[in-house]
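Architecture and fold: a report
Spelled out from the first residue to the last, the chains are:
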Amino acid sequence: RVGSTAPEDEWSHFVRVLKYWCGFSTSTIDSGEMSDWEYAQRVLSDGSACIRARAAHENESNRVATRVNVDILRSQTILVAVHALYEACKMDVLHRTMLKQLRDLALSLAHAIGDAGYVDFYSRDSGASISPLTSSHYTTNIPDIMRACEGLFAGRSDFDSLVPPLILAGLEANSSIDASTFGGSILVHARRVVRMCHICSLSNATLAQSGGMLAVCMGEMGFKVEDLERLPLGLAIPFHGTLQYN
């Protein structure tokens, strides 16, 4: 928005433009939601009833979009891009504040095109759904970068299907991951972390060899030791432990 200085206003306007481009009606774009402050106050007074009310409210607001003649191809394209950014933000604690806004946008797109997999995924990520993962076949098919990293350490072979395509596209063999790699700093950071996970998971390397290869990999990518502090603890601690044997 011209003349706007508040980041929230800029984001809201950006979302409105994207949804308009995807064919959302004005009523769908402007559908309101319970503010975080109102939600916190009602939780204190109503407890779990408020949590259920908010989930029902957001689901109903999003379902309005399914009755609108949205452009499916455009919505799918935006959803894939937003999901890649959403997953990449999980790899940097400084960017985790962006998760809710990205999730809300992605969830509205998923409802609009009737993609039950993404709806299920984001419902679980937000805590709106607590049913066992085994009870749904949807979420297992959605790219999940944390599951991909866990799979590398566990020796699973589903890595390629779990890394978002826009992040995986920069991880070709012998490719360099520097500041000029396409996708912006957030996606580049995620690619670097995934590459580091791969180095640490090589089964034919000793712990000392892994530490040395990890140090070389970090140096080539421009990933500094202090950058480890920006990672989720589940990744930062193993990386620190591997480097100690270098």
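Before reading on, note that the structure itself is shown above.
Each value, and the rule that gives it
- Residues numbered from 1 in each chain as written.
- Predicted model: local features only at pLDDT ≥ 70, side-chain atom pairs only at ≥ 80, totals over all residues.
- Heavy atoms only, no water.
- Phe/Tyr/Trp six-rings, centres within 6.5 Å; stacked < 30°, edge-to-face > 60°.
- Helix = DSSP H or I, 4+ residues; strand = E, 2+ residues; numbered from the N terminus.
- Buried < 20%, exposed > 50% of the residue type's maximum accessible area, 1.4 Å probe, protein only.
- Axes fitted to C-alpha atoms, helices over the stretch in contact; angles between N-to-C directions.
- Parallel < 35°, antiparallel > 145°, perpendicular 65-115°, else oblique.
- Left-handed = near helix turned anticlockwise from the far one by under 90°.
- Contact = heavy atoms within 4.5 Å.
- Nonpolar A, V, L, I, M, F, W, Y, C, P; charged D, E, K, R; others polar.
- Disulfide = S-S within 2.5 Å.
- Core = buried A, V, L, I, M, F, W, Y, C linked by side-chain atoms within 4.5 Å.
- Arc of directions from axis to C-beta.
- Expected span 1.5 Å × (residues − 1).
- Polar contact = N/O pair within 3.5 Å; in protein donor to acceptor, adjacent residues only side chain to side chain.
- Salt bridge = Lys/Arg side-chain N within 4 Å of Asp/Glu carboxyl O.

Enumeration over the complete set of coordinates arrives at four aromatic pairs. With a centroid separation of 5.2 Å and 75° between ring planes, the pair formed by Tyr-86 and Tyr-122 is classed as edge-to-face. In this pair, Tyr-86 is assigned in helix 5 (residues 72-89) and Tyr-122 in helix 7 (residues 116-126), connecting sequence segments 36 residues apart. Grouping residues by exposure puts Tyr-86 and Tyr-122 together as buried.

Turning to the packing of helix 11 (residues 184-200) against helix 13 (residues 233-243), a few remarks are in order. It is at 11 Å that the axes of helix 11 and helix 13 come closest, and there the two elements cross at 50°. On the basis of the axis angle, helix 11 is oblique to helix 13. Once helix 11 is placed against helix 13, the crossing between them reads as left-handed. Along the contact surface, helix 11 presents Val-193, Met-196, Cys-197 and Cys-200, while helix 13 presents Leu-235, Phe-239 and Thr-242. Of the residues belonging to the contact of helix 11 with helix 13, the class tally is six nonpolar, one polar and no charged.

Moving on to the state of the cysteines. Scanning all chains against the criterion turns up zero disulfides. In this structure Cys-200 is a free cysteine whose sulfur lies 6.8 Å from that of Cys-197, the closest cysteine sulfur available.

With that settled, consider the environment of Pro-232. When you line up the elements, Pro-232 lands in the loop between helix 12 (207-221) and helix 13. In this structure Pro-232 comes out as buried when scored by relative accessible area, which is 15%. For the pair Pro-232 and Val-93, spaced 139 residues apart in sequence, the C-alpha to C-alpha distance is 6.4 Å.

This part is about the nonpolar core. Membership of the largest hydrophobic core comes to 55 residues, with the highest contact counts inside it found for Val-193, Met-196, Leu-214, Leu-228 and Phe-239. Each residue touching Leu-228, except ones within four places of it in the same chain, is listed here: Met-196, Met-218, Phe-223, Ala-236, Phe-239, His-240 and Leu-243.

A few words on helix 13. Taken together, the buried positions of helix 13 are occupied by Leu-235, Ala-236, Phe-239, Thr-242 and Leu-243. Mapping the buried residues of helix 13 onto a view down its axis gives an arc of 130°, with all of them on the same face. In helix 13, the exposed positions that point more than 90 degrees away from the buried face belong to Leu-233, Gly-234 and Ile-237.

Between its terminal C-alpha atoms helix 5 stretches 25 Å, which fits the 26 Å expected from 18 residues at 1.5 Å a residue. When helix 5 is considered as a whole, its buried residues turn out to be Ser-75, Ile-78, Leu-79, Val-82, His-83, Ala-84, Tyr-86, Glu-87, Ala-88 and Cys-89. If you check the start of helix 5, you find a side-chain oxygen 3.2 Å away from the backbone N of Leu-73, and it comes from Asp-71.

Pairs may arise between side chains of opposite charge once their charged atoms sit close together. Applying the stated criterion across every chain yields a total of six salt bridges. Across the salt bridge formed by Arg-230 and Asp-92, the nearest N and O atoms sit 2.2 Å from each other. With a gap of 138 residues between them, Arg-230 in the loop between helix 12 and helix 13 and Asp-92 in the loop between helix 5 and helix 6 (99-113) connect regions that are remote in the sequence. For Lys-100, the salt bridge is made with Asp-104, and the minimal N-O distance between the two is 2.8 Å. One end of the pair, Lys-100, and the other, Asp-104, are both in helix 6, four residues apart, so they sit about a helical turn from each other. With a relative accessible area of 25%, Lys-100 lands in the partly exposed category.

Moving on to the side chain of His-95. By secondary structure assignment, the location of His-95 is in the loop between helix 5 and helix 6. Here His-95 is in contact with Cys-89, Ile-186 and Arg-230, once residues within four sequence places are set aside.

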